[in-house]
Amino acid sequence: MIKKAFLILLIFTPLFPQAQKVLEENLTDQDFFYWDASNKKIQSKGTYYKDFYQTTVEKHGQWFYYNEDGALEEERNYYRDLLHGKTELYFPNKQKKEEGYFYFDTQDSIYRKWNEKGILLIEGYYFMGIPSG
């Protein structure tokens, strides 16, 4: 019985995702998108996933999003086009607006929201996409 269970575990273990880390060798050069035709006002910047065989259009690693005035609005972390890791939103005055964490596109862990003066308004937790506290 134990041998059978071990054999099943050995067979199916590679099918389950292990701790997924964004590796530098899997990142393309940073790509930029602009608000204007003269490429002076950055809208967003980030990298894509690549491996030995191909370069994809899957967002991978850290991405930054800016408003038309050039102020940082949001920072997101991706793993092959899925939100994975910390996400932060900012007010135009550079104060943090929201903070949350994602695990393969599902909100998980702590969530916080502040007002423009930096006063914490909401703090709670998510477990696999479900609010829990």
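Before reading further, recall that the structure is shown in the block above.
Residues numbered from 1 in each chain as written. Predicted model: local features only at pLDDT ≥ 70, side-chain atom pairs only at ≥ 80, totals over all residues. Heavy atoms only, no water.

## Points about the pattern of salt bridges
Per the counting criterion, the structure on display carries eight salt bridges. In this structure, Arg80 and Glu58 form a salt bridge, with 2.8 Å as the shortest nitrogen-oxygen distance. Here Arg80, found in the loop between β6 (72–79) and β7 (82–83), pairs with Glu58, found in strand β4 (residues 55–59); they are 22 residues apart in sequence, far enough to count as distant. Classification of Arg80 as partly exposed rests on a relative accessible area of 31%. The salt bridge involving Arg112 is made with Glu123; its shortest N-O contact spans 2.8 Å. Pair noted here: Arg112 is in strand β10 (residues 106–114) and Glu123 is in strand β11 (residues 120–127), with a separation of 11 residues, a long-range link. By relative accessible area, which is 23% here, Arg112 ends up partly exposed. With relative accessibility at 43%, the residue Glu123 sits in the partly exposed group. Among the charged side chains, a salt-bridge network with shared partners connects Lys86, Glu88, Lys96, Glu99, Arg112 and Glu123. (Salt bridge = Lys/Arg side-chain N within 4 Å of Asp/Glu carboxyl O. Helix = DSSP H or I, 4+ residues; strand = E, 2+ residues; numbered from the N terminus. Buried < 20%, exposed > 50% of the residue type's maximum accessible area, 1.4 Å probe, protein only.)

## Observations concerning the environment of Gly100
Position of Gly100 relative to the elements: it lies in strand β9 (residues 96–103). Given the relative accessible area of 4%, Gly100 is considered buried. It is 9.2 Å that separates the C-alpha atoms of Gly100 and Tyr126, two residues lying 26 residues apart in sequence. For Gly100, the residues in contact, after removing those within four places along its chain, are Gly85, Lys86, Thr87, Gln107 and Ile110. (Contact = heavy atoms within 4.5 Å.)

## Details of the pairing of β6
Note: strand β5 (residues 61–66) against β6, six bridges, orientation antiparallel. Counted as the bridge partner of Phe64 is Glu75 from β6. Hairpin geometry of β5 and β6 is characterised by an intervening segment of five residues between the two adjacent antiparallel strands and by a positive phi of about 90 degrees at Gly70. Looking at chain direction, β6 and strand β8 (residues 85–90) are connected through two bridges and run antiparallel. Bridged to Glu74 within β8 is Leu89. Relative to β7, β6 runs antiparallel, the two sharing two bridges. Bridging across to β7, Tyr78 finds its partner in Leu83. In this antiparallel pair of consecutive strands, β6 and β7, the connection spans two residues, and Arg80 shows a positive phi of 50 degrees. (Pairing = 2+ DSSP bridges.)

## Things to note about unusual backbone geometry
Backbone geometry places Asn39, a non-glycine residue, at a positive phi of 55 degrees. Tracing the chain through its elements places Asn39 in the loop between β1 (31–34) and β2 (42–46). If you check the backbone angles, Asp105 has positive phi at about 75 degrees while not being a glycine. By the element assignment, Asp105 lies in the loop between β9 and β10.

The analysis is restricted to geometry; functional conclusions fall outside its scope.
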